[in-house]
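# Structural overview for review
Chain residues, written in single-letter form:
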Amino acid sequence: MRAVSVQLGNRSYAIKIAPGLLQKLGGECARLNLGDRCAIITDNNVGKKFAKPAYDSLLKNGFEPALITIPAGENSKSLKCVQFCYDQLAAQRLERKSFIVALGGGVVGDLAGFVAATYLRGIDFVQAPTTLLAQVDSSVGGKTGVNLRAGKNLAGAFYQPRLVLCDLETLETLPEREFRAGLAEVIKYGIIFDTKLFAQLERDLPKVLKRQPKTLEQIIARCCEIKAEIVSKDEAESGLRAILNFGHTIGHAIENSFGYGKFLHGEAISIGQVAAAKLSQKILGLPQCDVQRIENLFQRAGLPVKIKLNSAQRKKLFAAMKLDKKVSAGEIRFVLAKKIGKVVWGQKVSTGLIEGVLATDAHR
Ligand SMILES: NC(=O)c1ccc[n+]([C@@H]2O[C@H](COP(=O)([O-])OP(=O)(O)OC[C@H]3O[C@@H](n4cnc5c(N)ncnc54)[C@H](O)[C@@H]3O)[C@@H](O)[C@H]2O)c1
Ligand SMILES: [Zn+2]
């Protein structure tokens, strides 16, 4: 087992990574002295596969778990679903000392985290992420929230879990497309923070794609370490934490303008990261060979690196980019790479240049 610690004073917590951790969920919660009543929030896909070991383990350790199941998919990250969870928690008589276990991908984690942050003004919660994306990214760092009609993640709270348990066995049943989408965030950590991780991914990609447990355990732990370090230094995203958004300005605009569902988040940010690498070359002099290495790695991971846009789609994409939360005073700001492993944030980029890198993508 590997363990990583997120250092946030008296709100510090551990991330544990190993196969079979769901069977140990109850024991781990007991060590944290969490209250007796608890609720597992999961979705209908994950619940079918993994609710039982989690539930049994809690029961065996003296907890009284309730099970709340929401429909799988991004649509569940909604205020309607928050309301549904509140009603269930109240009906099951969860109180201030009770806690929530978020069992699932980023959708369940973001929703259940937000519910935990707000139910009775905040009760404890534990993340048990079951997608690669959730294990390396969304379960760590305390960003929780739901979507509004006006856009993604517009209602939310910073609220840290008490523990993150990444059971590697859950990844065995993850659909291939979802697994590869998670890799887009893994590769991101290499680009923004760790040249060695990037080189390892270039070397070990076949093992990663085969989901070899030892390789995954080490790589997931490294990603969590990087995220933990960044979050510890800048929990509320007033500076450094922004580097986690590498590739996300264009990525989010792609998700927004094509509607959720056409591209998975990881696919959209794969295109976004390759575009950001090209912008980095133009603005910061990122060497052409590094741009090529970045594009190749995403491609080898089976992720899209280009997007075809007609003029209506192009218009929509730019409109979406300008609406992004990270835009201030009408200027689009980017995280750009100086080299692989080192990025800077807050770089102003003209729409002309963005048009340029996307236009190349569309027609070659
Ligand atoms: N809070 C953050 O910091 C943060 C960071 C990145 C992304 N996010 C959010 O995360 C969400 C995306 O998360 P996601 O990619 O995990 O998607 P998801 O939660 O929708 O899961 C993807 C699909 O895989 C299924 N699934 C999950 N685990 C499985 C398993 N082990 N086996 C088989 N099927 C499984 C789910 O039911 C779902 O259908 C987005 O809403 C995004 O905004 C949040
Ligand atoms: Zn992301």
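As shown above, the structure is provided for reference.
This section reports on the structure supplied with the text. (Residues numbered from 1 in each chain as written. Chains lettered and ligands numbered in written order. Predicted model: local features only at pLDDT ≥ 70, side-chain atom pairs only at ≥ 80, totals over all residues. Heavy atoms only, no water.)

### Re the pattern of salt bridges
This structure, assessed with the given rule, holds 24 salt bridges. A salt bridge links Asp290 to Arg293, with the nearest nitrogen and oxygen atoms 3.9 Å apart. Of this pair, Asp290 and Arg293 both sit in helix H11 (residues 288–300), 3 residues apart, which is roughly one turn of the helix. Taking the relative accessible area as the measure of exposure, Asp290 reaches 10% and is therefore buried. One salt-bridge network, in which partners are shared between bridges, spans Glu74, Lys77, Asp110 and Lys152. (Salt bridge = Lys/Arg side-chain N within 4 Å of Asp/Glu carboxyl O. Helix = DSSP H or I, 4+ residues; strand = E, 2+ residues; numbered from the N terminus. Buried < 20%, exposed > 50% of the residue type's maximum accessible area, 1.4 Å probe, protein only.)

### A look at a nonpolar patch on the surface
Residues Leu79, Leu148 and Leu154 make up a contiguous nonpolar surface patch of about 240 Å² in total accessible area. Tracing the backbone shows Leu148 in strand E7 (residues 143–148). When its relative accessible area of 34% is taken as the criterion, Leu148 is described as partly exposed. (Patch = residues over 30% accessible without salt bridge, like charges linked within 9 Å, V, L, I, M, F, W, Y side chains within 5 Å. Areas by Shrake-Rupley, 256 points an atom, 1.4 Å probe, with all protein chains shown as cover.)

### Side note on unusual backbone geometry
Of all residues except glycine, most have a negative phi; of all peptide bonds, most are trans. At Arg121, a position not held by glycine, the phi torsion is positive, near 65°. Position of Arg121 relative to the elements: it lies in the loop between helix H4 (106–118) and strand E6 (124–129). A relative accessible area of 80% places Arg121 in the exposed class. Notably, Glu237 is not glycine yet its phi reads approximately 55°, a positive angle. Along the chain, Glu237 turns up in the loop between helix H8 (213–233) and helix H9 (248–258). Residue classification places Glu237 among the partly exposed residues on the basis of a relative accessible area of 22%.

### Details of the layout of surface pockets
When its volume is computed, the second largest pocket comes out at roughly 160 Å³. Taken together, Asn10, Arg11, Ser12, Asp124, Phe125, Phe158, Tyr159, Gln160, Pro161, Arg162 and Glu235 form the lining of the second largest pocket. (1 Å grid on protein atoms, 1.4 Å probe; cavity = no way out; pocket = protein on both sides within 12 Å on 5 of 7 lines; lining within 4 Å. Points joined across faces, edges and corners; volume = space filled by probe spheres on them.)

### Comments concerning the environment of Leu148
Residues Leu148 and Tyr119, 29 residues apart in the sequence, show an inter-C-alpha distance of 19 Å. Those residues in contact with Leu148 that lie beyond four places of it in its chain are Leu79, Leu154 and Ala155. (Contact = heavy atoms within 4.5 Å.)

### Let's talk about the state of the cysteines
Tallied over the entire structure, the rule returns 0 disulfides. The cysteine Cys29 is free of any disulfide, with Cys38 supplying the nearest cysteine sulfur at 7.0 Å. We note that Cys166 lacks a disulfide partner, and the nearest cysteine sulfur, in Cys224, lies 4.9 Å from it. (Disulfide = S-S within 2.5 Å.)

### Details of the sheet that holds strand E2 (residues 13–18)
Sheet architecture is open: 7 strands sit in the order E1-E2-E9-E6-E5-E3-E4, paired in mixed fashion. At either margin of the open sheet sits one strand with a lone partner, and together these are strand E1 (2–6) and strand E4 (64–70). The average angle at which neighbouring strand axes cross in this sheet is 20°, direction not considered. Sheet topology places strand E5 (residues 99–104) next to E6; 6 bridges connect them, and they run parallel. In the strand pairing of E6, Ile100 is matched with Phe125. (Pairing = 2+ DSSP bridges. Axes fitted to C-alpha atoms, helices over the stretch in contact; angles between N-to-C directions.)

### What about the environment of Ile68?
Following the sequence through the fold, Ile68 ends up in strand E4. By relative accessible area, which is 2% here, Ile68 ends up buried. In this structure, the C-alpha to C-alpha distance between Ile68 and Gly9, residues 59 residues apart in sequence, is 31 Å. Discounting residues that sit within four places of it in the chain, Ile68 has contacts with Ala39, Ile40, Ile41, Thr42, Phe84, Cys85, Gln88 and Leu89.

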